[in-house]
Amino acid sequence: MPGDLKLVSCQSKKGKTFVRVGKTIIGGERIVLIAGPCAVENRPMLLEIAGRLHAMGVPLLRGGAFKPRTSPYSFQGLRQEGLRILAEAREQSGMPVVTEVLSPDQVPLVAEYADVLQIGARNMQNFELLKALGETRKPVLLKRSLAATIEEFLGAAEYVLAGGNDQVILCERGIRTFSNHSRFTLDLSLIPVLREMTHLPVIVDPSHGTGNRRHVGPMSLAAIAAGADGLMIEVHADPEKALSDGPQSLYFEQMERLIRDLQVLSPVVGRRLQLEYDSSTGVETTKTTPLNVDISM
Ligand code: PEP
Ligand code: MN
């Protein structure tokens, strides 16, 4: 392990880091889902999506208010209005919200509304942004850049920890390769390697990783089988009409199906799916003997 990755490295700390978002813990025994639209498009739409996801037991809501788009002519997000709508969805559903911050000067505003600050793939090495987030005490969801090595990815996380904020979640979201059958190449091989190198929780975004809603389910299951602590998934009430990332956004029914599949799979790898209605209804997932998939071996 390179010496300049001292705070993120396993050697610096006993056990894994638990990132706390409200009553949800990321990095513990439970698999955590973050779901919602790519972008906050309007108030009724977000409130509907939040309501449906909450009813499914999804603990955390995502949605972009500031959108990094390849084209300046594409929908850029509702900006502060989007943040206000996210806060209203949190109030109604009780779900903490995850949203992206694009620049250091936006940090105070976004931190006022968001429960988790997301650093997008294109900003992974925006060092001034990383330093600014190191100074906040909000959890940070750090997405891997399209072309980052593991050392560069961990180096970016090190910036946030060096600033005094150890609440960092790493997110694999697909990298650029010669493969052209999917939007990006979801690098699940990173998960067991990260496990050996860092105490930080690792989640996977199969939506951007595949770019195709038909492939989100299988890659979600593969990510959990490989040892991920959670998933970030794009879901939309009407994906065909979404203003961004419609082709990779799940219909509600697909999300419900995925949750059922994850409930079956999680015990096989010695985990349980965190579902918010667990405590209120006493619903328990089936306890089975885990397979021998000890990732520390
Ligand atoms: C997103 O989560 O909507 C997003 C823009 O992701 P990424 O930065 O991974 O492209
Ligand atoms: Mn998106």
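Everything quoted here is computed from the prediction, not taken from an experiment. (Residues numbered from 1 in each chain as written. Chains lettered and ligands numbered in written order. Predicted model: local features only at pLDDT ≥ 70, side-chain atom pairs only at ≥ 80, totals over all residues. Heavy atoms only, no water.)

Colleague: What exactly am I supposed to notice about the coordination of the manganese ion (ligand 2) here?
Modeller: Four donors placed tetrahedrally around a metal ideally meet at 109.5 degrees, and six donors placed octahedrally ideally meet at 90 or 180 degrees. The protein atoms that coordinate the manganese ion (ligand 2) are C38 (SG), H208 (NE2), E234 (OE) and D245 (OD), at distances spanning 2.0 to 2.4 Å. Read N to C, the donor residues that coordinate the manganese ion (ligand 2) are spaced as C-x169-H-x25-E-x10-D. Here the residue H208 occupies a position in helix α7 (residues 206–210), and E234 occupies one in strand β10 (residues 230–234), the gap between them amounting to 26 residues. For the residue pair H208 and E234, the accessibility class agrees, reading buried in each case. (Donors = N, O, S within 2.8 Å, 3.2 Å for Na, K, Ca; no water. Helix = DSSP H or I, 4+ residues; strand = E, 2+ residues; numbered from the N terminus. Buried < 20%, exposed > 50% of the residue type's maximum accessible area, 1.4 Å probe, protein only.)

Colleague: Would you mind going over the site of ligand 1 with me for this structure?
Modeller: In the vicinity of ligand 1, 13 residues are found, and the nearest of them are R62, A121, R122, K143 and R173. Between ligand 1 and the protein, one listed contact pairs an oxygen atom with a side-chain N or O atom of R173 at 2.6 Å. Contacts to ligand 1 include H208, whose side-chain N or O atom sits 3.4 Å from an oxygen atom. The protein chains hide 97% of the 300 Å² of surface that ligand 1 would expose on its own. When each cavity is represented as a set of grid points, ligand 1 is found to reside in the largest pocket. (Near = heavy atom within 4 Å. Polar contact = N/O pair within 3.5 Å; in protein donor to acceptor, adjacent residues only side chain to side chain. Areas by Shrake-Rupley, 256 points an atom, 1.4 Å probe, with all protein chains shown as cover. 1 Å grid on protein atoms, 1.4 Å probe; cavity = no way out; pocket = protein on both sides within 12 Å on 5 of 7 lines; lining within 4 Å. Sits in = over half its atoms within 2 Å of the grid points.)

Colleague: Would you explain the environment of T149 in this entry?
Modeller: Its location among the elements puts T149 in the loop between β7 (140–143) and α5 (150–162). Accessibility expressed as a relative area gives 38% for T149, which makes it partly exposed. Separated by 69 residues in the primary sequence, T149 and Q80 have C-alpha atoms spaced 33 Å apart.

Colleague: Can you walk me through the layout of surface pockets in this structure?
Modeller: Regions of empty space are outlined by a rolling probe, equal in size to a water molecule, passed over the atoms. As a volume, the largest pocket reaches approximately 330 Å³. If you trace the largest pocket, you find 23 residues lining it, with K67, P68, R122, H208 and D245 closest to the centre. Among the elements that take part in the lining of the largest pocket, strand β5 (residues 97–100) stands out by supplying three residues, more than any other. Of the residues in the lining of the largest pocket, the class split is four nonpolar, ten polar and nine charged. (Points joined across faces, edges and corners; volume = space filled by probe spheres on them. Nonpolar A, V, L, I, M, F, W, Y, C, P; charged D, E, K, R; others polar.)

Colleague: I would appreciate a short explanation of helix α8 (residues 213–225) in the present structure.
Modeller: In an α-helix, one turn spans 3.6 residues; hence positions three or four apart end up facing the same way. Here α8 is 13 residues long and its end C-alpha atoms lie 19 Å apart, about the 18 Å a rise of 1.5 Å per residue gives. Within α8, the full set of buried residues consists of R213, V216, S220, A223 and I224. On its buried face, α8 sits against β3 (30–36), α6 (190–197), β9 (202–204), α7, β10 and α9 (252–265). Put simply, N212 is the residue that caps the front of α8, since its side-chain oxygen is 2.9 Å from the backbone nitrogen of R214. Backbone geometry just after α8 places G227 at a positive phi near 110 degrees. (Expected span 1.5 Å × (residues − 1). Contact = heavy atoms within 4.5 Å.)

Colleague: Looking at this structure, I do not really get the pairing of strand β8 (residues 168–172). What am I missing?
Modeller: On a regular strand, each side chain points to the face opposite its neighbour's, so the side chains alternate between the two faces of the sheet. Most of β8 sits out of view: five of its five residues are buried. Side chains V168, L170 and E172 of β8 all project onto a buried face; the interleaved residues I169 and C171 project onto the opposite face, where all are buried too. Direction of pairing for β7 relative to β8: parallel, over a ladder of four bridges. Paired with L141 across the strands is I169, a residue of β8. Read as a crossover between parallel neighbours, the route from β7 over α5 to β8 is right-handed. (Pairing = 2+ DSSP bridges. Right-handed = clockwise from strand over helix to strand, strands pointing away.)

Colleague: Looking at this model, I keep getting lost on the pattern of salt bridges. Mind explaining?
Modeller: A side chain of one charge can pair with a side chain of the opposite charge if their charged atoms are brought near each other. Counted by the stated rule, this structure contains 17 salt bridges. E81 is the salt-bridge partner of R84, the closest N and O atoms lying 2.9 Å from each other. Of this pair, R84 and E81 both sit in helix α2 (residues 80–93), three residues apart, roughly one helical turn. One salt bridge connects K143 with D205, and the closest N-O pair in it is separated by 2.7 Å. Separated by 62 residues along the polypeptide, K143 in strand β7 and D205 in the loop between β9 and α7 bring together distant segments of the chain. For K143, a relative accessible area of 4% translates into the label buried. Taking the relative accessible area as the measure of exposure, D205 reaches 1% and is therefore buried. Shared partners join several salt bridges into a network, and the residues in it are K16, R195, D229 and R271. (Salt bridge = Lys/Arg side-chain N within 4 Å of Asp/Glu carboxyl O.)

Colleague: Just checking my understanding: could you explain the confidence of the model for the protein chain for this structure?
Modeller: Low-confidence regions, as indicated by low pLDDT, have predicted coordinates that should not be scrutinised in detail. Here the protein chain shows a mean pLDDT of 94. Residues at 70 or above account for 93%. Within the model, pLDDT remains below 50 along residues 279–297, and this stretch shows 21 contacts once partners closer than five positions in the same chain are excluded. (pLDDT = per-residue confidence, 0-100.)

Colleague: Any chance you could explain unusual backbone geometry here in plain terms?
Modeller: Trans peptide bonds make up the majority, and among non-glycine residues the majority have a negative phi. A positive phi is found at R79, a non-glycine position, where the angle reads about 55 degrees. The residue R79 is located in the loop between β4 (60–62) and α2 in this model. Residue D245 is not a glycine yet carries a positive backbone phi of 55 degrees. Looking at the secondary structure, you find D245 in the loop between β10 and α9.

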